[in-house]
Amino acid sequence: MSGKPLLKEQAFLLTRRTDAIVKQYQPLSMASSEDTEGSLMPVDFIQLQQYMEDSSLRVKDVMKDFYPGGRLAKHTHGECLDSEGFCLFLKTYLEVEDFPADFCKRLFCYFQHTEQDGSTNSPLPKGGRVFLQDVSCYFSVLEEGQPREKLEFTFKLYDKDGNGLLDSSEVDRIITQMMRAADYLGWDVTELRPVLKEMMTAIDVDNSGTVTLEEWVKGGMNNVPLLVLLGLKMTEKNGQHIWRLKHFNRPTYCYVCKSMLLGLGKQGLCCNCCKYTVHNQCANNNPDPCARTFVKSKQEIGKPTHDWIKADCNSSKCQVCFKKIKILGGSRCVWCQEMRHDDCINTGIPKCDCGELRDHILPPWAIYTASKQEDDTNILNVTPDGQILQTVQIPDTHPLLVFVNPKSGGNQGERVLRKFQYLLNPRQVYNLSNGGPSPGLQFFRNLHQYKILVCGGDGTVGWLLDAIDKADLQVCPPVAVLPLGTGNDMARCLRWGGGYEGSDLTEILKEIKASEVIALDRWSIQVIPNNLNEAGDPVPYEIMNNYFSIGVDASIAHRFHSMREKHPQKFNSRMKNKLRYLEFATSESISASCKKLKDCLFIECCGKQLDLNNVSLEGIAVLNIPSMHGGSNLWGESKKSDSLSEAEHSQVITDPEVLKSVSQDISDRRFEVVGLEGVLEMGQIYTRLKSAGHRLAQTSQITIRTSKALPMQIDGEPWMQPPCTIHITHKNQANMLMPPPTKASGFFHK
Ligand SMILES: [Zn+2]
Ligand SMILES: [Zn+2]
Ligand SMILES: [Zn+2]
Ligand SMILES: [Zn+2]
């Protein structure tokens, strides 16, 4: 995973800085010189970032508690927070009840010394306190959000009398906090400081010595490096690069000033889509525009022409004159990847064939700006200047509509998003955090031949299949999966592996091209409580794609427990509640009551009652796919049988002898019902000591009645359900893509 080296790098920078602080303030923080307790560890910062990713709260919401009349106002002393208040701030903001006390203490020290490493003269708060604004400003720069909103928020934090004016020393303080956040994110601040200083002199346009909110926001919004720091996301403006901070490990040049990127880590801004690279400070100096992503008129539709962007051709040969291309001397077509000397661009063939990814690319000449009259339904595809984008089918291609859940699999989602923006047209790559699946489905709805790729966990795939159902599309595009995170059972069954491990995405695109369409059964699950007034947890889903279970399901508990061990930071209060339930569910009392599970269960498959008398039963599982909880197969292998053909046609099979030869099929409009003996058995299946549960039925419909509260789960989401009736019936089939069997077992199958 390529996210890791960057984290290490950040960690390195962070250690250096915090070491310096600790040394400087040794008498204040810790007594012993060998003592490392007082310093911030690299792992602290990584953990802090994890906490922030998992928290749903915004700084500005938490701030309210500390203002006069707020819940925690007693910890605010003028502009300052005491140490207890600081810890409460962290606990509230990060939604972690038991935030480690020593970690809190170290962070408190860190903020206490804010003023010393900045260039401002504000007096240090007395008596072990920190400035509330500094803390808020720092965290708000790091959290997700729109740059404009962040600029306004930080301004208002320091505008205490609310008159809409800041003096220059106050703006300096904001910048100091931003620099600290930048430092934390791995920026070389020695390069950033002059850029921001320059911005400061430019900001105060009327030379009044004070800065208005308007001046501040305008200055900030025109400063590219600052916008990148504030987390500027995709702007979707034609010709505008999508910048991100990048560290290069080999000599790299700035395409604006033509000189090298220097300094620690050779950092600069690099465009996600076209890899155009500049110095941080050169981003404001009219860089070449980014590649076009659509054409301006219908006349240009279907006319393939190269889009040349300055590139590091790395001594490659020019494909026109076949001579080597020297540094800064060449360009690359962003679609077909051909390289040419800048002087050879116009002598070569202008027609672009989109190279080896031709089948997947939706090129700019397939997207045009339509007038309102031509189409008034497609309001979701409007450019910033109000033009409506319309798509056209390019013959013999199957453009790929990519959806990425950036929250899946740690940093993997973000990385995959960036890579696809580069490999394909950024307009065919959608971040699910921005409005979910419908903008992308709407954009592609005029095409009659396309494919979908979902990058995320099984839950993300389910989300997309639901959205496809609801979008009422003319054609039902087949769906491929790039599994992010771990334990993805559906992806595994479709041969996409249990989790992506960072292999070359071009190879995965080739696999998608070679894939076959397979139908996947999907099931409606209806849960009707016996007593409508008895409040249980909400039922997580109405559709089952993978599996459903009732009763002792130790592997779920196992999953939660192992997750807690692996990712302690993921256990925010919501997860803790779930865990508490699971601990309860597998505790002796529940386990004991699940021992008599058959006494409180009534099961009917297609009108035929299941006889549970001769089985010892602590759990029941309904399986649509042959994998559960990250690869356990509860049904197991089946022996071959000649009598199978006869059984294949029946709606329901319960004969134990016939069941022995029944195998699972994700498109047979039937599911399998398995009985589980108990925690021990589940544990054994999970650890592969035992191969399967007790086969009870293969059926196309099931009704289950329960007479007491029992733990249940659908597709891995557990809940506690009071007595109820459950109906599972066939909903539909989704078109899924499955790669050829030989390749899948290779490089990314897990
Ligand atoms: Zn430059
Ligand atoms: Zn670009
Ligand atoms: Zn080209
Ligand atoms: Zn040439």
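Along each chain, numbering runs from 1 in the same order as the chain's sequence is written. The lettering of chains begins at A and the numbering of ligands begins at 1, in the order of writing. Residues qualify for local features only when their pLDDT is at least 70, as the model is predicted, and side-chain atom pairs are given and counted only at 80 or more; totals for whole chains, interfaces and linings, by contrast, use all residues.

Under an unreviewed UniProt entry, the name given to the protein chain is Diacylglycerol kinase, and the organism recorded is Austrofundulus limnaeus. Annotation of the protein chain in UniProt includes, under Subcellular location (unreviewed entry), the sentence "Cytoplasm". UniProt positions are given in the numbering used here, feature names are shortened, and annotations may be inferred rather than shown by experiment. Under the UniProt heading Sequence similarities (unreviewed entry), the entry covering the protein chain gives this text: "Belongs to the eukaryotic diacylglycerol kinase family."

Moving on: the overall build of the protein chain. Assigned secondary structure in the protein chain consists of 25 helices and 30 strands. For the protein chain, buried positions account for 42% of its 750 residues. Contact definition: two residues whose C-beta atoms, as placed from backbone geometry, lie within 7 Å. Intrachain contacts of the protein chain at a sequence separation of at least 6 include 69% that bridge at least 24 residues. What counts as a helix is a DSSP run of H or I of at least four residues, what counts as a strand is a run of E of at least two, and both are numbered from the N terminus. With C-beta atoms placed from the backbone, a residue counts as buried when 20 or more other C-beta atoms lie within 10 Å of its own, as exposed when 12 or fewer do, and as partly exposed for counts between those limits.

In this section: helix H10 (residues 168-184). Helix length check: H10, at 17 residues, gives a terminal C-alpha distance of 24 Å against a target of 24 Å (1.5 Å per residue), a fit within 8%. For H10, every residue scored as buried is listed here: Glu-170, Val-171, Arg-173, Ile-174, Ile-175, Thr-176, Gln-177, Met-178, Met-179, Arg-180 and Ala-182. Where H10 ends, the next residue or the one after it, Gly-186, has phi of about 95 degrees, a positive value. To estimate the expected span of a helix, subtract one from its residue number and multiply by 1.5 Å.

Contact geometry for helix H9 (residues 147-158) and helix H12 (residues 213-221): axes closest at 10 Å, N-to-C directions at 140 degrees. By the criterion of interaxial angle, the relationship of H9 to H12 is oblique. The two elements H9 and H12 meet at a crossing, and its hand is right-handed. For the pair formed by H9 and H12, the contact residues are Pro-147, Arg-148, Leu-151, Glu-152 and Phe-155 on the first element and Leu-213, Trp-216, Val-217, Gly-220 and Met-221 on the second. Here an angle of 0 to 180 degrees is reported between the N-to-C directions of two axes, which are lines fitted to C-alpha atoms, with helices fitted over the stretch in contact. For classification, angles of less than 35 degrees are called roughly parallel, those exceeding 145 degrees roughly antiparallel, those between 65 and 115 degrees roughly perpendicular, and all remaining angles oblique. Each crossing gets its handedness from the near helix: less than a right angle anticlockwise from the far helix is left-handed, clockwise is right-handed.

A set of buried residues qualifies as a nonpolar core if it consists of Ala, Val, Leu, Ile, Met, Phe, Trp, Tyr and Cys joined through C-beta atoms within 7 Å. Counting residues in each nonpolar core, the largest one holds 166 residues, and the members touching the most others are Val-402 and Leu-623. If we ignore the near neighbours within four places in the chain, the residues touching Val-402 are Phe-420, Leu-424, Gln-428, Val-429, Tyr-430, Leu-453 and Cys-455.

What follows covers the sheet that holds strand E8 (residues 277-278). Hydrogen bonding along the main chain pairs the strands of a sheet, whether they run parallel or antiparallel. As summarised here, the arrangement of the 3 strands in space is E6-E7-E8, forming an open sheet in which the pairing is antiparallel. The outermost strands of the open sheet, each flanked by one partner alone, are strand E6 (243-247) and E8. Whether two strands pair comes down to DSSP finding at least two bridges between them. Inspection of the sheet shows E6 paired to strand E7 (residues 267-271) by 5 bridges, in the antiparallel sense. Considered in E7, the bridge of Lys-246 is made with Gly-268.

Each regular strand shows side chains that alternate between the opposite faces of the sheet. In terms of strand pairing, strand E18 (residues 516-529) meets strand E30 (residues 724-738) through 14 bridges, oriented antiparallel. Counterpart to Val-517 in the pairing with E30 is Leu-737.

Attention now goes to unusual backbone geometry. Even without a glycine there, the phi angle at Glu-95 is positive, about 55 degrees. The topology assignment puts Glu-95 in the loop between helix H5 (83-94) and helix H6 (101-112). Look at Glu-95 and you get partly exposed, because 19 C-beta atoms sit within 10 Å. At Cys-354, a residue that is not glycine, the phi angle is positive and equals roughly 65 degrees. Following the sequence through the fold, Cys-354 ends up in the loop between strand E11 (339-341) and strand E12 (367-370).

Turning next to the sheet that holds strand E9 (residues 308-310). A sheet is described by the order of its strands in space; here 3 strands give the open sequence E9-E10-E11, paired in antiparallel fashion. The open sheet has two edge strands, E9 and E11, and neither has a second partner. If you compare each strand with its neighbour and ignore which way they point, the axes differ by 35 degrees on average. Strand direction decides the pairing type here: strand E10 (residues 330-333) and E11, joined by 3 bridges, are antiparallel. When the sheet's bridge partners are listed, Gly-330 is paired in E11 with His-341.

A separate point is the environment of Asp-611. Its location among the elements puts Asp-611 in the loop between strand E22 (608-609) and strand E23 (619-623). Exposure remark for Asp-611: the 11 C-beta atoms within 10 Å place this residue in the exposed category. Expressed as a C-alpha distance, the spacing of Asp-611 and Lys-598, which sit 13 residues apart in the sequence, is 9.6 Å.

Taking 1.5 Å of rise per residue, the 12 residues of H5 would be expected to cover 16 Å, and the 16 Å separating its terminal C-alpha atoms lies within 8% of that figure. Inspection of H5 places Gly-85, Phe-86, Leu-88, Phe-89, Leu-90, Tyr-93 and Leu-94 among the buried residues, and these make up the whole buried set. Immediately downstream of H5, the backbone of Glu-95 shows phi near 55 degrees, a positive value.

Another aspect to go through is the packing of helix H11 (residues 189-203) against H12. Two numbers describe how H11 lies on H12: the axes approach to 10 Å, and their chain directions differ by 140 degrees. On the basis of their axis angle, the class for H11 and H12 is oblique. The handedness of the crossing between H11 and H12 comes out as right-handed. Of H12, the residues touching H11 (which contributes Met-199, Ala-202 and Ile-203) are Glu-215, Trp-216 and Gly-219. Three classes are used, and their members are as follows: Ala, Val, Leu, Ile, Met, Phe, Trp, Tyr, Cys and Pro are nonpolar, Asp, Glu, Lys and Arg are charged, and the others, Gly among them, are polar. Here the residues of the contact of H11 with H12 sort into 4 nonpolar, 1 polar and 1 charged.

Here we come to the confidence of the model for the protein chain. In the predicted model, the protein chain carries a mean pLDDT of 79, and 78% of its residues have values of at least 70. Scored between 0 and 100, pLDDT is the confidence that the predictor attaches to each residue. Note on residues 1-38: pLDDT is under 50 here. Beyond four places in sequence and across chains, it has 44 contacts. Segment residues 115-121 is flagged for pLDDT under 50; beyond a separation of four residues in sequence, or across chains, it makes 12 contacts in the model.

With 5 bridges connecting them, strand E27 (residues 701-706) and E30 associate as antiparallel partners. Bridging from a neighbouring strand, Ile-702 pairs with Ile-728 of E30.

A separate point is the environment of Leu-230. Tracing the sequence through the fold places Leu-230 in the loop between helix H13 (224-229) and E6. In this structure the C-alpha to C-alpha distance between Leu-230 and Gly-145, which are 85 residues apart in sequence, comes to 8.1 Å. Apart from the residues lying within four places of it in its own chain, the contact partners of Leu-230 are Val-141, Pro-147 and Lys-150.

Tracing the sequence through the fold places Asn-488 in the loop between strand E17 (479-483) and helix H17 (489-493). Judged by the 32 C-beta atoms lying within 10 Å of it, Asn-488 falls in the buried class.

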